[in-house]
Amino acid sequence: MTSMRTQVGIIGAGPAGLLLAHLLQRQGIESAVIENRARDYVEHRVRAGVLEQGSVDLLNDSGVGARLQLEGLVHHGIELRFGGQGHRIDMTALTGGRCITVYGQQEVVKDLIRARIDAGREIMFEVSDVRVADIDSSAPKVTFVRAGEKIELVCDIIAGCDGFHGVCRPSIPAGVLSTFERTYPFAWLGILAAAPPTHDELIYAYHQRGFALYSMRSPEVTRLYLQVAPEEDIGNWPDERIWEDLHTRLETDDGWKLREGAIAEKGITGMRSFVVEPMQYGRMFLAGDAAHIVPPTGAKGMNLALADVRVLAQAATAYFKTGARALLDAYSATCLKRVWRAEHFSWWMTSMLHRFPSDDVFQQRLQRSQLEYVVGSRPAAASLAENYVGLPFS
Ligand code: APR
Ligand code: PHB
């Protein structure tokens, strides 16, 4: 067995793990990043695509925003569509000038991997048998197998950035964590289509047949989602059926027509809300999807992952530079404030916009009233906009 040492052992090379490694490196703090998938896989995994203003600022301020500046699509509003009409929420006007940027999560991942390689540091891809040990001691360890060789990595702290299905959260002893959870009685079927966007902002549509979302990735690629049954088989959704439902759910009285294109990617994702408290145990700190999940309706998943590691990088920097533990000790409490705000917002958007199989007509009237209030009242629209563009970092 080979033994290695680092200051911060980072498990997972998603947005959380990669940005943490980058922020630490800028402060002269050593880290080792281990990832069980291949580089090509993580760079091409199609995921979320909306960056809050604060996430864009964070990436720019830390020197990894060059391509984001060139290729990111800046949006100043979104549309809520129901009853055959579109209603624009002017986010920039309602938030004193803030906006969002559409830029695929895998593009953020590519930029961060490039930054690490350019800094002369490596990412250990395709490792297996990852385990954490001694997390409540002063020398926590990560063990794994790399190219057939067993490695023990001794760390000062461990960052569990290994997503919802990772090994870090389950390594915390039973009884330490409290779990808060909601599952939803539907899923999202998502496609990428080779079609130029039909509209230059995102459209969230509430319809009798279920929710639909119109989004994009570039001037050539449209991203679209349909609410489907939770256990839906993708085989039931040939391309023609997908387009037919998208046309129906997104149609307007004035004849707006969605542009079609060859479908390049098709997948179904379940919807859940999930939080564990606390987000730390001993010398291990959970960040991103390892600690919390939001349904995608609020576009918050990637932003929360980036916000967590911003807090963790600051806390770890204070610890390594001065020995002060206060920020590390406060990590979970600091993150959970933003996490719960995003949990509420994501649950609220989800509840307002989807058809719930159990809903009666009374419930549907309530949803409709809520939608009309949000688009008709400036304070209500401002509240949606403030949450959507993201609350400033405290
Ligand atoms: N060992 C090493 N790496 C692991 C392990 C393991 N045992 N288990 C999982 N991983 C890796 C995954 O392959 C993935 O690359 O950890 C990484 C976790 O990355 P993400 O799932 O992208 O999570 P995170 O960085 O927290 O970003 C959250 O991802 O799911 C979306 O909507 C979510 O946008 C949000 C973002
Ligand atoms: C996306 O473009 O993938 C996207 C946009 C907004 C959401 C969710 C996903 O709320």
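Use the structure listed above.
Residues numbered from 1 in each chain as written. Chains lettered and ligands numbered in written order. Predicted model: local features only at pLDDT ≥ 70, side-chain atom pairs only at ≥ 80, totals over all residues. Heavy atoms only, no water.

Some thoughts on the pattern of salt bridges
Turning to step 1, where the next piece is worked out: Using the criterion set out here, one finds 21 salt bridges in the structure.
Turning to step 2, where the next piece is worked out: Two residues, Asp-111 and Arg-67, come together in a salt bridge whose shortest N-O distance is 2.9 Å. In this pair, Asp-111 sits in helix H6 (residues 105-118) while Arg-67 sits in helix H4 (residues 66-71), placing the two residues 44 residues apart along the sequence.
Turning to step 3, where the next piece is worked out: The exposure class of Arg-67 is partly exposed, given its relative accessible area of 24%. (Salt bridge = Lys/Arg side-chain N within 4 Å of Asp/Glu carboxyl O. Helix = DSSP H or I, 4+ residues; strand = E, 2+ residues; numbered from the N terminus. Buried < 20%, exposed > 50% of the residue type's maximum accessible area, 1.4 Å probe, protein only.)

Focus: the sheet that holds strand S4 (residues 73-75)
Turning to step 1, where the next piece is worked out: Spatially, the three strands line up as an open sheet ordered S3-S7-S4, and their pairing is antiparallel. Looking at which strands have only one partner, the edges of the open sheet turn out to be strand S3 (50-51) and S4.
Turning to step 2, where the next piece is worked out: Where S4 lies against strand S7 (residues 100-102), three bridges are found, and the strand directions are antiparallel. Pairing of His-75 across the sheet is with Ile-100, part of S7. (Pairing = 2+ DSSP bridges.)

Comments concerning the nonpolar core
Turning to step 1, where the next piece is worked out: In terms of nonpolar packing, the biggest core is built from 75 residues, with Ile-10, Leu-20, Leu-51, Val-142 and Phe-144 touching the most fellow members.
Turning to step 2, where the next piece is worked out: By residue number, the principal contributor to this core is helix H8 (residues 301-322), which donates eleven residues.
Turning to step 3, where the next piece is worked out: Ignoring sequence-local partners within four residues, the contact set of Ile-10 consists of Gly-17, Leu-20, Ala-21, Leu-24, Ser-31, Ala-32, Val-33, Ile-34, Ala-159 and Cys-161.
Turning to step 4, where the next piece is worked out: Membership of the second largest hydrophobic core comes to 54 residues, among which are Ala-205, Tyr-214, Val-228 and Leu-384. (Core = buried A, V, L, I, M, F, W, Y, C linked by side-chain atoms within 4.5 Å. Contact = heavy atoms within 4.5 Å.)

A short note on the site of ligand 2
Turning to step 1, where the next piece is worked out: If you check the shell around ligand 2, you find 13 residues, and the closest are Tyr-204, Ser-215, Arg-217, Tyr-225 and Pro-296.
Turning to step 2, where the next piece is worked out: Between ligand 2 and the protein, one listed contact pairs an oxygen atom with a side-chain N or O atom of Arg-217 at 2.8 Å.
Turning to step 3, where the next piece is worked out: Here an oxygen atom of ligand 2 and a side-chain polar atom of Tyr-225 are 2.6 Å apart.
Turning to step 4, where the next piece is worked out: Isolated, ligand 2 exposes 280 Å² of accessible area, and the fraction of that covered by the protein chains is 97%.
Turning to step 5, where the next piece is worked out: Secondary-structure elements contributing two or more residues to the shell around ligand 2 are strand S13 (202-205), strand S14 (212-218) and strand S15 (221-228).
Turning to step 6, where the next piece is worked out: Top contributing element to the shell around ligand 2 by residue count: S14, with three residues.
Turning to step 7, where the next piece is worked out: Class assignment for the residues of the shell around ligand 2 results in eight nonpolar, three polar and two charged.
Turning to step 8, where the next piece is worked out: The residue makeup of the shell around ligand 2 includes at least three contributed by each of domain 1 (2-75 + 99-180 + 273-348) and domain 2 (184-271 + 357-389). (Near = heavy atom within 4 Å. Polar contact = N/O pair within 3.5 Å; in protein donor to acceptor, adjacent residues only side chain to side chain. Areas by Shrake-Rupley, 256 points an atom, 1.4 Å probe, with all protein chains shown as cover. Nonpolar A, V, L, I, M, F, W, Y, C, P; charged D, E, K, R; others polar. Domains from an automatic or database assignment.)

Describing unusual backbone geometry
Turning to step 1, where the next piece is worked out: For the bond running from Glu-277 to Pro-278, omega is -10°, close enough to zero to count as cis.
Turning to step 2, where the next piece is worked out: As for its position among the elements, Pro-278 is in the loop between strand S16 (262-277) and strand S17 (280-281).
Turning to step 3, where the next piece is worked out: Non-glycine residue Asp-129 carries a positive phi angle of around 50°.
Turning to step 4, where the next piece is worked out: Structurally, the position occupied by Asp-129 is in strand S9 (residues 128-133).

Details of the site of ligand 1
Turning to step 1, where the next piece is worked out: Around ligand 1 there are 26 residues in total, and Glu-35, Arg-45, Arg-47, Gln-105 and Asp-289 lie nearest to it.
Turning to step 2, where the next piece is worked out: Here Arg-47 contributes a side-chain N or O atom positioned 2.8 Å from an oxygen atom of ligand 1.
Turning to step 3, where the next piece is worked out: For ligand 1, an oxygen atom lies 3.0 Å from a polar atom in the backbone of Met-302.
Turning to step 4, where the next piece is worked out: Where the shell around ligand 1 is concerned, the elements lending two or more residues are helix H1 (15-26) and H8.

A few points about the sheet that holds S16
Turning to step 1, where the next piece is worked out: Within the open sheet, the eight strands sit side by side as S6-S5-S13-S14-S15-S12-S16-S19. Their pairing is mixed. Bordering the open sheet on either side are strand S6 (85-90) and strand S19 (292-293), each of which pairs with just one other strand.
Turning to step 2, where the next piece is worked out: Lying over the sheet, helix H7 (residues 239-250) contacts strand S5 (77-82), strand S12 (178-194), S13, S14, S15 and S16, oriented at roughly 85° with respect to S15. (Axes fitted to C-alpha atoms, helices over the stretch in contact; angles between N-to-C directions.)

Structural notes on the layout of surface pockets
Turning to step 1, where the next piece is worked out: Taken as a whole, the second largest pocket spans an internal volume of roughly 340 Å³.
Turning to step 2, where the next piece is worked out: Every residue lining the second largest pocket is counted, 19 residues in all, and those nearest its centre are Thr-334, Lys-337, Arg-338, Pro-392 and Ser-394.
Turning to step 3, where the next piece is worked out: Elements supplying a minimum of two residues to the lining of the second largest pocket: H8 and helix H10 (331-353).
Turning to step 4, where the next piece is worked out: Among the elements that make up the lining of the second largest pocket, the one with the highest residue count is H10 (six residues). (1 Å grid on protein atoms, 1.4 Å probe; cavity = no way out; pocket = protein on both sides within 12 Å on 5 of 7 lines; lining within 4 Å. Points joined across faces, edges and corners; volume = space filled by probe spheres on them.)

Here we look at helix H12 (residues 378-389)
Turning to step 1, where the next piece is worked out: With twelve residues, H12 extends 16 Å from end C-alpha to end C-alpha; this agrees with the ideal 16 Å at 1.5 Å per step.
Turning to step 2, where the next piece is worked out: For H12, the set of buried residues is Ala-380, Ala-381, Leu-384, Ala-385, Asn-387, Tyr-388 and Val-389.
Turning to step 3, where the next piece is worked out: The N-terminus of H12 is capped by Ser-377, whose side-chain oxygen sits 3.1 Å from the backbone nitrogen of Ala-380.
Turning to step 4, where the next piece is worked out: With its phi angle positive at about 100°, Gly-390 sits one or two positions after the end of H12. (Expected span 1.5 Å × (residues − 1).)

Looking at the packing of aromatic side chains
Aromatic ring pairs are reported here in terms of the distance separating the ring centres and the angle at which the planes meet.
Turning to step 1, where the next piece is worked out: Evaluation of the coordinates by the stated rule reveals 13 aromatic pairs.
Turning to step 2, where the next piece is worked out: Taking the centre distance of 5.2 Å and the plane angle of 65° together, the rings of Tyr-319 and Phe-320 count as edge-to-face.
Turning to step 3, where the next piece is worked out: Classification of Tyr-319 by relative accessible area gives buried; the value is 16%.
Turning to step 4, where the next piece is worked out: In this structure Phe-320 comes out as partly exposed when scored by relative accessible area, which is 22%.
Turning to step 5, where the next piece is worked out: Over the ring of Trp-256 we find Arg-81; its NZ or CZ atom is 4.2 Å from the centre of that ring.
Turning to step 6, where the next piece is worked out: Just above the ring of Trp-237 sits the side chain of Arg-241; from NZ or CZ to the centre is 3.6 Å. (Phe/Tyr/Trp six-rings, centres within 6.5 Å; stacked < 30°, edge-to-face > 60°. Lys NZ or Arg CZ within 6 Å of the ring centre and 35° of its normal.)

Nothing here speaks to function; it is all geometry.
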